Amino acid sequence: MSAGTFTPSHPPVTHQIPLQDLPIVQRPRYGRLLAVVVVGILLAQFVVGAITNPRFDWPTFGAFFFSTTVLKALWLTVQLTVYGAVLGFAGGVVLAVMRQSPNPLLRATSWSFIWLFRSIPLLVQILFWGFLGALYTHLGYGIPFGPVFGEAATKDLIGPMSAAVIGLSIHQAAYGAEIIRAGLLSVDEGQREAAAALGIPARKQFTRIVFPQAMRTIVPPATNEIIGLLKGTSAVFIIALPDLFYQVQVIYGRNGRIIPLLMVAVVWYVILTGLLSVVQFYVERYFAKGAHRELPPTPIQRLRVRWNHRRPLRTSPTRASQV
């Protein structure tokens, strides 16, 4: 040992903590915290104002929310939405396939149909079909440009319900065709070429390969269209069909309770829209198979994961004694 230096007999003790035991501290996000506070205050003000404002007249709202008249009108609204969506998107598939056909007549017919019925407002279409008897008093069946085997009065064949379904379906088909066509165009052309090289028939190429992949693009905008169709059913009031909105108008026209009756319609529309959003989530999750390594978690799965992360770990007595 040289002069002026000192060598300790034992090296200094250093306590090294394993990386997995180090606490994870997130950086504070003051902007997000401020946004949460502002949104929370606004929501609280809205809820308190809705509860304390006597003009909402919640007793009247509760008296009519589950009334038989409102529930029957609600069921009619659901029926119109289902009929319009099913028939509309079925026609939209046909129109979308026609738009992609190599036959110029089919392409032109599909384009003209979509252009025409997207140009006419839904209210006008429902009125037109409701008053079709003024244009054609009788409808017959037979050979085109030939003899007619039988005929019936138009007003007996097309009533208010039929006119509403026809108008909603045609309107939905015109918009749904473009949504479906966009979904079909989103599928890579190589998928069709590979299927054709394997000798798969054209019909199975469409139903088994192209259309399931196109549904990943079709479902979100199609759900928006169905939600718009649900709210668009209120246009049938023009032909005195007692849907939800029409029936609410009739009730507040008698008792003068406009705000609570309108809130009845609003809440029911919100509930139905929420149910459609839930259906959209599970349909998207179903068609996500094969496109993602893991399917999007359901709300129940998310809650379960959060609960497991927040629940403290339990140490067994044997392990505790060993420690």
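What you are looking at is a predicted structure, and each value in this text was computed from that prediction instead of being measured. The residue numbers shown here count from 1 along each chain, following its written sequence. Given that this is a predicted model, residues contribute local features only at a pLDDT of at least 70 and side-chain atom pairs are listed and counted only at 80 or more, while totals for whole chains, interfaces and linings are drawn from all residues. Side-chain descriptors were evaluated using all non-hydrogen atoms of the structure, hydrogens and water having been removed beforehand.

Asks: Run through the overall build of the protein chain, naming residues and quoting values.
Replies: Along its length, the protein chain carries 13 helices and two strands. Classification of residues uses two cut-offs on accessible area relative to the type maximum, computed with a 1.4 Å probe and protein chains only: under 20% is buried, over 50% is exposed, and between them is partly exposed. The buried share of the protein chain, reckoned over its 323 residues, is 28%. Taking all contacts inside the protein chain whose residues are at least 6 apart in sequence as the whole, residues at least 24 apart take part in 68%. In the form shown here, the protein chain has an accessible surface area of approximately 22600 Å², with 65% of it arising from carbon and sulfur atoms. Put simply, DSSP H or I for four residues or longer makes a helix, DSSP E for two residues or longer makes a strand, and each gets a number counted from the N terminus. Two residues qualify as a contact provided that any one of their heavy atoms is within 4.5 Å of a heavy atom in the partner residue. For accessible areas, the Shrake-Rupley method is used with a probe of radius 1.4 Å. Any residue's cover is judged against the shown protein chains and nothing else.

Asks: How would you explain the packing of aromatic side chains if you had to name every residue and give the values?
Replies: A ring pair, where both rings are aromatic, is described by two values, the distance of the centres and the angle of the planes. In summary, the pairing rule links any two rings of Phe, Tyr or Trp, Trp by its six-membered ring, whose centres are within 6.5 Å, and it sorts them by plane angle into stacked for under 30 degrees, edge-to-face for over 60 and tilted for everything else. Inspection of the entire model under this criterion finds 13 aromatic pairs. With a centroid separation of 4.7 Å and 45° between ring planes, the pair formed by Phe113 and Phe117 is classed as tilted. A residue pair is termed a helical-turn pair when its members lie 3 or 4 positions apart in one helix, as Phe113 and Phe117 do in helix α4 (residues 104-119) at four residues. Assessed through its relative accessible area of 16%, Phe117 is described here as buried. An aromatic cluster of at least three residues, connected via ring pairs, comprises Phe56, Trp58, Phe61, Phe65, Phe66 and Trp268.

Asks: Please give an account of the UniProt feature "transmembrane region" (unreviewed entry) in the protein chain that cites residues and values.
Replies: UniProt positions are given in the numbering used here, feature names are shortened, and annotations may be inferred rather than shown by experiment. Per the UniProt entry, the sites bearing "transmembrane region" (unreviewed entry) are residues 33-53, 73-98, 110-132, 226-246 and 258-283 in this numbering. Measuring from the first to the last C-alpha atom of residues 33-53 gives 30 Å, for a span that is 95% helix and 0% strand.

Asks: Kindly report on the pairing of strand β2 (residues 148-153), identifying the contributing residues and their values.
Replies: By this definition, two strands are paired if DSSP reports at least two bridges between them. Where strand β1 (residues 138-142) meets β2, five bridges bridge the pair, whose relative direction is antiparallel. Residue Gly142 lies in a different strand from β2, and its bridge partner there is Val148. Counting the residues in the hairpin turn of β1 and β2 gives five residues, including Phe145, whose phi is positive at 60°.

Asks: I'd love a proper account of the nonpolar core, names of residues and values included.
Replies: Counting 20 residues, the largest nonpolar core has Leu80, Ile126, Ala164, Leu168, Val236, Ile239 and Leu241 as its most contacted members. Broken down by secondary-structure element, the contributors of at least two residues to this core are α3 (68-99), α5 (122-130) and α7 (160-186). Per-element tally for this core: the top contributor is α7, with six residues. With sequence-adjacent residues up to four places away left out, Ile126 is seen in contact with Leu168, Ala235, Val236, Ile238 and Ile239. For this analysis, a nonpolar core means a set of buried residues of the types Ala, Val, Leu, Ile, Met, Phe, Trp, Tyr and Cys, connected via side-chain atoms within 4.5 Å. The next biggest cluster of nonpolar side chains, apart from the first, holds 15 residues, and it includes Leu230, Leu244, Ile251 and Leu272.

Asks: Help me get a handle on the confidence of the model for the protein chain, residues and values and all.
Replies: Predictor confidence is given residue by residue as pLDDT, running from a minimum of 0 to a maximum of 100. Averaged over every residue, the pLDDT of the protein chain is 85; residues scoring 70 or more account for 87%. In the model of the protein chain, helix α13 (residues 317-322) stands out as the element of lowest mean pLDDT, 44, in contrast to α3, which has the highest, 95.

Asks: Which residues make up the environment of Thr109, and what values do they have?
Replies: Structurally, Thr109 can be placed in helix α4. On the accessibility criterion, Thr109 (40% relative accessible area) is partly exposed. Separated by 11 residues in the primary sequence, Thr109 and Met98 place their C-alpha atoms 8.1 Å from one another.

Asks: Help me get a handle on unusual backbone geometry, residues and values and all.
Replies: If you check the backbone angles, Asp57 has positive phi at about 55° while not being a glycine. For Asp57, the position within the fold is in the loop between α1 (30-52) and α2 (58-65). The backbone of Ala240 shows a phi angle near 60°, a positive value even though the residue is not glycine. Note on placement: Ala240 falls in the loop between α9 (202-232) and α10 (244-255). By relative accessible area, which is 46% here, Ala240 ends up partly exposed.

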